Amino acid sequence: MQSIIIATTAVAVIGLLIGLLLITVDKKFKVEVDEREAAVRECLPGNNCGGCGYAGCDAMASAIVNEEAPVNGCPVGGAPVAEKIARIMGVDAGEAEKVAAFVKCSGDCENAASRCHYVGIHDCASAVASGLSPWICDYGCIGFGTCAAACPFGAISVHNGVASVDRSKCMACGKCVAACPRHLIELVPDSAVYAVRCSSRDRGAAVKKACSAGCIGCKLCMKQCEFGAIEVIDNVARIDYSKCTGCGKCAEKCPVGVIKKK
């Protein structure tokens, strides 16, 4: 009986010592969590889309509290979420211009010239890696819908061989931008009226051979713009939306009609 008592006492003492050690370690290495971080995280939508530039909503909340990210940095939540977070942080929400994804290509089945009958995996990245694009243009939309599969909001679909964006559904998370192997998709201001639906850097003659709706780099659009909002870089027109007034003069003079209303 005495041995049982001694063993029980020894176990109890050891347990007590371990408990005290754990308490000491917890106090020494405890990481203080700012209560605001949990409150900010509660405001974020929880999509973990990465559109803010951070790994997910937890990382975004931490960055906001540590003043490494703006309170209006969540593209999905928009102004309502920004205002809630601003109240928590005690700052002004500021103004964040709404943006939406845009596909810089008009090369649908009617406009783009076919190179081959593709029978491989219907994935844009796989097609680019194989070098077996179904279209002659090496810059245009392949049309296999990798961007559509990446969109968590169902904002992208493929029509007649080219991807298009439903701006009313787009949350500007940027997943389609990252998914496109040809970098055809960019986030542009939702208020923008016109956009260039082409990304080809080929010269005019090569563009005409590959696609009847491609930019030929003629620079007529540049000559029409009174505000210097459009210029031709690498043989393709590009719009500076900070200067564009949406007057439409560039679109009127474009001989191939590649500058269109969004």
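In this text the structure is predicted, and so the values were computed from the model without any measurement. (Residues numbered from 1 in each chain as written. Predicted model: local features only at pLDDT ≥ 70, side-chain atom pairs only at ≥ 80, totals over all residues. Heavy atoms only, no water.)

**Describing the overall build of the chain**
Tallying secondary structure elements over the chain gives 10 helices and eight strands in all. For the chain, the C-alpha radius of gyration of 27 Å lies well beyond 18 Å, the compact-globule estimate for 262 residues. Across the 262 residues in the chain, those meeting the buried criterion constitute 35%. The contacts of the chain with a sequence gap of at least 6 include a subset with a gap of at least 24, amounting to 57%. The positive charge centre, built from 28 side chains, and the negative charge centre, built from 26, are 8 Å apart in the chain. (Helix = DSSP H or I, 4+ residues; strand = E, 2+ residues; numbered from the N terminus. Rg over C-alpha atoms; globule rule 2.2 N^0.38 Å. Buried < 20%, exposed > 50% of the residue type's maximum accessible area, 1.4 Å probe, protein only. Contact = heavy atoms within 4.5 Å. Lys, Arg positive; Asp, Glu negative; His and termini not counted. Charge placed at Lys NZ, Arg CZ, Asp CG, Glu CD.)

**What about the pattern of salt bridges?**
For the structure on display, the rule yields five salt bridges. Note that K104 is salt-bridged to E186, the shortest N-O span being 3.9 Å. Of this pair, K104 sits in the loop between β1 (99-103) and α5 (124-130) while E186 is found in strand β4 (residues 185-189), placing the two residues 82 residues apart along the sequence. For K104, a relative accessible area of 14% translates into the label buried. In this structure E186 comes out as partly exposed when scored by relative accessible area, which is 29%. Here E226 makes a salt bridge to K249, at a shortest N to O gap of 2.4 Å. Taken as a pair, E226 in the loop between α9 (220-224) and β6 (230-233) and K249 in helix α10 (residues 249-253) lie far apart in primary sequence, 23 residues in all. (Salt bridge = Lys/Arg side-chain N within 4 Å of Asp/Glu carboxyl O.)

**Overview of the pairing of strand β7 (residues 236-239)**
Taken together, the four bridges between β6 and β7 define a ladder with antiparallel strand orientation. When the sheet's bridge partners are listed, I230 is paired in β7 with I239. Connecting β6 to the next strand, β7, in antiparallel fashion are two residues, including D234 with a positive phi near 55°. (Pairing = 2+ DSSP bridges.)

**Section: helix α4 (residues 78-89)**
Residues three or four positions apart in an α-helix share a direction because the helix packs 3.6 residues into each turn. If you check α4, its first and last C-alpha atoms are 16 Å apart, about what 12 residues at 1.5 Å a residue would give, namely 16 Å. Summarising the contacts, the buried residues of α4 are in contact with α2 (35-43) and α3 (57-65). At the exit of α4 stands G90, carrying a positive phi of roughly 70°. (Expected span 1.5 Å × (residues − 1).)

**A few points about the side chain of S199**
Looking at where S199 falls in the secondary structure, it is placed in the loop between β5 (194-196) and α8 (204-210). Within the local environment of S199, its side chain forms a polar contact with the backbone oxygen of K104, the two atoms lying 3.1 Å apart. Residues contacting S199, with those up to four places away along its chain left out, are K104, Y139, L184 and V236. (Polar contact = N/O pair within 3.5 Å; in protein donor to acceptor, adjacent residues only side chain to side chain.)

**With respect to the packing of aromatic side chains**
By the definition in use, this model includes one aromatic pair. For the pair Y118 and F144, a centre-to-centre distance of 5.1 Å together with 35° between the ring planes defines the contact as tilted. Of the two residues, Y118 sits in the loop between β1 and α5 while F144 sits in the loop between α5 and α6 (146-150), which places them 26 residues apart along the sequence. (Phe/Tyr/Trp six-rings, centres within 6.5 Å; stacked < 30°, edge-to-face > 60°.)

**Here we look at the side chain of S106**
Residue position: S106 is located in the loop between β1 and α5. If we ignore the near neighbours within four places in the chain, the residues touching S106 are N111, R197, A213 and K260.

**Regarding the environment of K243**
Structurally, the position occupied by K243 is in the loop between β7 and α10. Sequence-wise, K243 and I230 are 13 residues apart; in three dimensions their C-alpha atoms are separated by 8.5 Å. Not counting residues within four places of it along the chain, the set of residues in contact with K243 comprises F227, G228 and A229.

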